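Read off the chains here:
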Amino acid sequence: MSQDANETPTFEENLTQLEQIVTELEKGNVPLEQALSQFKQGVELSHALQTKLTEAEKTLAEMMKDDDQTVAFEKSGESDSNDDH
């Protein structure tokens, strides 16, 4: 599966690639230089995936009201999580 130079891989494609790297490294029969290269690529993918998840979380944390103002979602039970009575 090859990507055009201008085409950004999707979240799912990056996740699949990271899973493949982890699987290969877990097998333990990868030459050291290749393992280091794959590990570096895996770390980069992991950071990209985390950034994408953070962006998605921010998007979901806001909702549009009818007058186009954004308000933060409140997590259900969040205010009660510190109360023990």
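Each remark here, short or long, concerns the structure printed above.
Procedures and definitions
Counting restarts for each chain: residues are numbered from 1 in the order of the written sequence. The predicted origin of the model limits local features to residues at a pLDDT of at least 70 and limits the giving and counting of side-chain atom pairs to 80 or more, whereas totals for whole chains, interfaces and linings rest on all residues. With hydrogens and water set aside, each side-chain value is computed from the structure's full complement of heavy atoms. A run of H or I in DSSP becomes a helix once it reaches four residues, and a run of E becomes a strand once it reaches two; helices and strands are each numbered from the N terminus. Exposure classes here rest on a 1.4 Å probe applied to the protein chains alone. A residue is buried below 20% of its type maximum, exposed above 50%, and partly exposed in between. Here, Shrake-Rupley sampling with a 1.4 Å probe gives the accessible areas, and only protein chains in the shown set may cover a residue. In this scheme, a helix's expected span is set at 1.5 Å multiplied by one less than its residue total. Here, residues are in contact when the closest pair of their heavy atoms is within 4.5 Å.

What about the overall build of the protein chain?
For step 1, the next point in the chain: Per the secondary structure count, the protein chain includes two helices and two strands.
For step 2, the next point in the chain: Counting from the amino terminus, the protein chain carries its helices and strands in the arrangement α-α-β-β.
For step 3, the next point in the chain: The buried share of the protein chain, taken over its 85 residues, is 11%.
For step 4, the next point in the chain: Of the roughly 7,600 Å² of accessible surface on the protein chain, 50% is carried by carbon and sulfur atoms.

A few points about helix α2 (residues 32-60)
For step 1, the next point in the chain: Look at α2: 41 Å from first C-alpha to last across 29 residues, which is about the 42 Å you get at 1.5 Å a residue.
For step 2, the next point in the chain: Buried within α2 we find Ala35, Gln38, Gly42, Leu45 and Leu49.
For step 3, the next point in the chain: Where α2 is buried, its residues meet α1 (11-27).

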